[in-house]
Amino acid sequence: MEKNQKIAVTIAGNDSDGSAGMPADLHSFYARGVYGMGLMTAAVAGNTKGIFAQQIIPLDFIQKQFDVLNDDFKINATKTGMLANKEIIDCVADNLEKYDMGKIVLDPVIITKHGATLLDDDAYQTFLDRLLPLADVITPNFYEQQKLTGLKLNNKEEIHAGAKKLQEMGAKNVLMKGRHDSDNQTEVTDILLTEDGAFHEFTKPFFKTDRVNGTGDTLSAVIAAELAKGKSVIDAIKIGKDFTYAAISHPIDVGSKWGPINHLAAQEENR
């Protein structure tokens, strides 16, 4: 029997096609040798063409998931994803304050990588007040960075200032994920501000593909998995970047349009 098996839990929505949300998180946990659990907040009916329906999980059921998991397991890291409304954000924050659920990786599912807003104003403010200060690591995409900081982020100096602002708002470590929406770019650089005030850069080649569903989920989930195993924030993010790049750069033929990234290839390449 495996002794001291590390456990990570994702608090997220379930994507029925397996490309993003909870399925992508669980793919990532298992690929990194961590036992993964899922605490469901919502479910969407979707495929590679789009999302066609969604169902929010009742609050009492979300609460019961928190209670039963913490009653039986020692959780080493937690990763948040889709938290659909103010009530769910409050519930999640209450429980992250109540229970010791290990390191917390906050993937702020506020704005999509295409710029579409996912939270109303009331829920967004609750996210800022309740969840952001609990984050050991926060991993916003470019549009979320702009929303959270109020900055244009047109250069490295502004990105550094934005990361410092997020740290002042309570997040311990801030990963400012690089833009990846220009056909002319050759690489993508993520900038990390660690708790000690130092900046670190992680650069990978830009790989143009429409197989990108679950990219942000995967990166933050791998970071959570590595933190669960006791890795430093810097090492966890480096592994997360390597894994996610491998998954993107080996396109998998699933679906007809915006397909998933390839966790299988990433697992083989990053053993």
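Report on the accompanying structure. (Residues numbered from 1 in each chain as written. Predicted model: local features only at pLDDT ≥ 70, side-chain atom pairs only at ≥ 80, totals over all residues. Heavy atoms only, no water.)

A few points about the pattern of salt bridges
Within this structure, the stated rule accounts for 17 salt bridges. The shortest N-O distance in the salt bridge between E97 and R130 comes to 3.2 Å. Remark: R130 occurs in helix α4 (residues 121-131) and E97 occurs in helix α3 (residues 86-98); sequence separation between them is 33 residues. Note that E201 is salt-bridged to K156, the shortest N-O span being 2.7 Å. Residue E201 is found in strand β9 (residues 199-205), and its partner K156 is found in helix α6 (residues 156-168); the two are separated by 45 residues along the sequence. On the accessibility criterion, E201 (42% relative accessible area) is partly exposed. Through salt bridges with shared partners, one network takes in K86, D90, D94, E97 and R130. (Salt bridge = Lys/Arg side-chain N within 4 Å of Asp/Glu carboxyl O. Helix = DSSP H or I, 4+ residues; strand = E, 2+ residues; numbered from the N terminus. Buried < 20%, exposed > 50% of the residue type's maximum accessible area, 1.4 Å probe, protein only.)

Points about the sheet that holds strand β3 (residues 50-56)
The 9 strands are arranged β3-β2-β1-β4-β5-β6-β7-β8-β9 in an open sheet whose pairing can be described as mixed. Two strands in the sheet have a free side with no partner beyond their single neighbour: β3 and β9. Strand direction decides the pairing type here: strand β6 (residues 137-138) and strand β7 (residues 173-176), joined by 2 bridges, are parallel. Its bridge partner lying in β7, I138 is registered against V174. α3 contacts β1 (7-15), β2 (35-47), β3, β4 (77-80) and β5 (103-106) of the sheet and is inclined by roughly 175° relative to β1. (Pairing = 2+ DSSP bridges. Contact = heavy atoms within 4.5 Å. Axes fitted to C-alpha atoms, helices over the stretch in contact; angles between N-to-C directions.)

With respect to empty space enclosed by the protein
Tallied over the entire structure, the rule returns 1 cavity of 30 Å³ or more. Here the largest cavity defines a volume of roughly 50 Å³. Every residue along the wall of the largest cavity is listed here: T80, G81, L83, I89, L106, D107, P108, V109, I110, L119 and F127. Split by residue class, the lining of the largest cavity holds 8 nonpolar, 2 polar and 1 charged. (1 Å grid on protein atoms, 1.4 Å probe; cavity = no way out; pocket = protein on both sides within 12 Å on 5 of 7 lines; lining within 4 Å. Points joined across faces, edges and corners; volume = space filled by probe spheres on them. Nonpolar A, V, L, I, M, F, W, Y, C, P; charged D, E, K, R; others polar.)

These figures capture arrangement, not role.
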